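Notes for the structure review
Spelled out from the first residue to the last, the chains are:
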Amino acid sequence: MKKNFLYKKTSGFSLIEVLLAVAIMSFGLLALASLQNSLMRSSANSKAQSVALSLAKDKLEDLRTYQTMAQYQALTDSPSAETPDSDPATAGIQDFGGVTYTRTWTVNRYGYHSANAVFQTVADTGVLAAAYASNNEFKTISVNVSWTDAAGTAASVVVEDVISALSPTDSALLGKTTSVVRPRGPEVIITNPGLEVGVIPIALGSDSATAATNPKPEVISQGNNSSVVETRFDVLTYSNINATNVTAQQRVETAVLGCRCTRSTGTQPAFRPTYWNGLRYVPPVTFPNVPISVADTSVTQSARCTACCRDHHDPATAPGPKYDARRNSHDHYLNTDLVNIVTSGDYHESCRLIRVDGIFRTAVDTNNDYFNLLETDNNSATTTADYLPTSAGKTRYETFVLDYLKQRYVNNSAPSTYNTPLTAANIATLEGTPTPSINTPSLISIDATTAPRWLHSRGVYIDYLSDETLALIASIKAQCIIDSCTTAVRQTRILSVLPFTSINLTEISNWKSTVANVPNTVTIKMDNTIGFVDSLNQLAPVKGKTLLGSGPVNGANASAVADIGPSNSGLALTNPIDPADVITNVPDSGDTTDAQAFVIGATVVVPNPAGGSFEVRLAGAPEVIIAGNSPFIGFNPSTSLTNCSATGGTNVNPYVCTTNPADALGVATTVYIGNYNRSVGENDSTVRPLNTCTNNSSDRTGMPYQVKYDVTNVTTSNGAAVIDTPYEVFNNNLLGGYPTGEYTTVDFSVVAVNDDIDVTFGNKVFLCPSNYPFPSNPSSSQCDGNGSNAVPIWSSTYVACPSGFAVPSNP
């Protein structure tokens, strides 16, 4: 038998294949080793960076743990870099994992400069200079930690933070609890409102206080068309932290405005007033049957007049508190006619609006329950403080306000009288309670060396109490009986639920001088030539300034009188809107009127009874100081403005100023300089005296360029006279003759017979309206009317003059 065997071929690796495999595996292992090494370096770098960050944060925390303000003030740059050689107990730097770290830090300090109103860089250490607000500062800290990584490359991390100047001991006060019944809200650290010039806080007790910021009228339009559309201020309730910072618990934003409304027949849905319920101003509710009234669109007024005109009505069927609860009827009148009630057509209205839940809502009317003049620092060593109330005057005023509130609400057991102001007799008694009286000084001496004298007026405004507030006061008094409250605690709890505030009214009061009720006396005069519209950039008040009149006599007496409307219209700087708004003008009668007596001092400069003249010379404006382009020069030593006459010819200098027969020299005098701005024709570079423009003329003399001048210097030959600076400018940038164009006033303490006054103008500046459609004809926004001369309405924003016009170079 024959057997067959099958053989299978055996396979394997050749030597070449083996070598190739080994080579490939070697490359992979090398790459893996490199990756492993990279991962180790990356891990080491990450660890080093984490350590560096921790070291930087540790130093920041260490710098933040100061215990006193002195330690805070000592914080400064690191004296040298911290290294492993430093003491670990103090430096905290170690050689971690073979890596050496170096730590440095830089400190920059910023203080609030009071005059410049900005934060500025100051020295790192020490107490702030007097020019900076105390403790109103902060420091920025930058900590740098550097090292060399595993690859030998320099690396670093920087951590920055800000450290405030609030002492840790003061911070602990934020957690302090209080039993005072008051509206709760977010506690925000703010600058103490009492540090604002003219603000006087009223202490509520338990380290809490309330204060109103100075009223700031909002102004619209320009020049002669300028007007106040609303007055704004905030009422703040807060607790003290230190002399600089307080914790604010509530802010009541207030706007008071005067409006012109139009009434139609029928009714509309509107809002009832927002009012104080003892804890807050509540959101208003709607009511469907309110007379239809809308804001008059033909006049420029506040946008909030829409809500004022629509809401401010008190129908007999309306629920809840009324807008005008103090009056028997809510009638409307037009202009100064307070006899004929308006039932249709235009009428005047005044409203207070309060921001509630982010929206300004029409609120119940406010009421000035007490008005008074306070003692000012007229004998201050520096004139910059003369117009401020004295420390003693502020203390007497706060004492009076608290006594007034205690008598009317705290100690009064008849809630039905809570909404009735105290009588004049009650007020007179309270005014004499402090020693000395709140009416100190009873007499102020004024002469040529002490003028001007300053006065400061204030009002206490109290809302008509709602039923909820009356019930809350009753509840507080009942609970105090149960708790056996001390008198101080009882007072604090009641004052904390009262809707009242004290407001600085100096700038918005009406001022005049009187002798035996005859206004505008020659003995003294009130400098009211400036309205609030023109005073927004003034540091000192523009009202309450008392000067010698044109004919003062040694030993003569006179009074300065201030008054203000008792309700919304007074704060809004508008005329009375109904008979109850009229001021009685009986000083110290309990009404919103008060008077300060003056006596002409023994050192008064007796004016020349025969009058006389002095001269004014102008320099620096060749286009102005020529015949035909003469500026206006006037002076006002009494109640009438006298225009000085130019000598004529090519050069108008000097102007000769001669008094009227009834006036005299040797007294405080204001010199007026006006009609010095000019316009340039469109088709040439001629400087013209008038600002007219003719639409049909190719010349259009008043368009489109304005040439502006500024009074830069004034001197007098009378070395004893003091000139008030800065000079006061009105109708800023406007063209035209006095008083419609820009003009400047300069106050002299004395102008005597034959004095020489020199006025210097600065270089001229060319201004162009940004809305002028050059080179096309002027639009109606520049010229009123067609084919007739009219005053251009210049843009409030000026840009460079457009190309294509040969603008003369500035001298």
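Structure's up top.
This text gives an overview of the structure that appears in the document. (Residues numbered from 1 in each chain as written. Predicted model: local features only at pLDDT ≥ 70, side-chain atom pairs only at ≥ 80, totals over all residues. Heavy atoms only, no water.)

1. Some words on the overall build of the chain
Across its full length, the chain carries 10 helices and 41 strands. Approximately 37700 Å² of the chain is accessible, and the part contributed by carbon and sulfur atoms is 55%. (Helix = DSSP H or I, 4+ residues; strand = E, 2+ residues; numbered from the N terminus. Areas by Shrake-Rupley, 256 points an atom, 1.4 Å probe, with all protein chains shown as cover.)

2. Topic: the pattern of salt bridges
Tallied over the entire structure, the rule returns 23 salt bridges. Here Glu137 makes a salt bridge to Arg109, at a shortest N to O gap of 2.7 Å. Taken together, the positions of Glu137 in strand 5 (residues 132-148) and Arg109 in strand 3 (residues 102-113) put the pair 28 residues apart, joining distant regions of the chain. Given the relative accessible area of 6%, Glu137 is considered buried. Judged by its relative accessible area of 1%, Arg109 is buried. The shortest N-O distance in the salt bridge between Arg232 and Glu230 comes to 3.5 Å. The network of salt bridges with common partners includes Asp234, Arg251, Glu253 and Arg355. (Salt bridge = Lys/Arg side-chain N within 4 Å of Asp/Glu carboxyl O. Buried < 20%, exposed > 50% of the residue type's maximum accessible area, 1.4 Å probe, protein only.)

3. Section: the sheet that holds strand 27 (residues 613-619)
Taken together, the 5 strands give an open sheet; going across it, the order is 30-31-27-39-36, and neighbouring strands pair in mixed fashion. Lying at the two open borders of the sheet, with one neighbouring strand each, are strand 30 (645-646) and strand 36 (711-716). As paired strands, strand 30 and strand 31 (residues 655-658) are joined by 2 bridges and run antiparallel to one another. Bridging across to strand 31, Ala646 finds its partner in Tyr655. (Pairing = 2+ DSSP bridges.)

4. Focus on helix 6 (residues 391-410)
Compared with the 28 Å implied by 1.5 Å per residue over 20 residues, the 27 Å span of helix 6 between its first and last C-alpha is a close match. Gly393, Arg396, Tyr397, Phe400, Val401, Leu402, Asp403, Tyr404, Leu405, Arg408, Tyr409 and Val410 are the residues of helix 6 that are buried. (Expected span 1.5 Å × (residues − 1).)

5. Topic: the state of the cysteines
Within the structure shown, the criterion is met by 4 disulfides. The disulfide partner of Cys259 is Cys305, and the gap between their sulfur atoms is 2.1 Å. Across the disulfide from Cys259 to Cys305, rotation about the S-S bond amounts to roughly -85°, and the bridge is consequently left-handed. Of this pair, Cys259 sits in strand 12 (residues 245-271) while Cys305 sits in helix 5 (residues 305-311), and the two are 46 residues apart along the sequence. A sulfur-sulfur distance of 2.0 Å marks the disulfide that ties Cys308 to Cys351. Here Cys308 and Cys351 share a disulfide; its torsion about the S-S bond, 75°, makes the bridge right-handed. With Cys308 in helix 5 and Cys351 in strand 14 (residues 345-356), the pair connects residues that are 43 residues apart, well separated along the chain. In this structure, Cys308 and Cys351 share a single accessibility class: buried. (Disulfide = S-S within 2.5 Å.)

6. Quick look at the packing of helix 8 (residues 467-483) against helix 9 (residues 487-495)
Interaxial distance between helix 8 and helix 9 falls to 10 Å at its minimum, and their mutual angle equals 160°. The pairing of helix 8 with helix 9 is recorded here as roughly antiparallel in orientation. In this structure, helix 8 meets helix 9 at a crossing whose hand is right-handed. From helix 8, Ile473, Ile476, Lys477, Cys480 and Asp483 reach across to helix 9, where they touch Arg490, Arg493 and Ile494. Residue composition of the contact of helix 8 with helix 9, grouped by class: 4 nonpolar, no polar and 4 charged. (Axes fitted to C-alpha atoms, helices over the stretch in contact; angles between N-to-C directions. Parallel < 35°, antiparallel > 145°, perpendicular 65-115°, else oblique. Left-handed = near helix turned anticlockwise from the far one by under 90°. Contact = heavy atoms within 4.5 Å. Nonpolar A, V, L, I, M, F, W, Y, C, P; charged D, E, K, R; others polar.)

7. Notes on the nonpolar core
In terms of nonpolar packing, the biggest core is built from 34 residues, with Phe233, Ile446, Leu455, Leu505, Ile524, Leu571 and Phe598 touching the most fellow members. Those elements giving two or more residues to this core turn out to be strand 11 (227-240), strand 12, strand 14, strand 16 (368-374), strand 17 (443-446), strand 23 (524-526), strand 25 (557-563) and strand 26 (593-600). Looking at this core element by element, the count peaks at 3 residues for strand 25. Of all hydrophobic cores here, the second largest spans 28 residues; its members include Phe400, Leu402, Tyr409 and Leu498. (Core = buried A, V, L, I, M, F, W, Y, C linked by side-chain atoms within 4.5 Å.)

8. Some thoughts on the side chain of Arg458
Along the chain, Arg458 falls in strand 19 (residues 456-462). Side-chain polar atoms of Arg458 contact the side chain of Ser502, separated by 3.2 Å. In this view, Arg458 contacts Gly198, Ile200, Tyr370, Phe371, Asn372, Leu374, Tyr397, Ser502, Ile503, Asn504 and Leu505; residues no more than four positions away in its chain are not counted. (Polar contact = N/O pair within 3.5 Å; in protein donor to acceptor, adjacent residues only side chain to side chain.)

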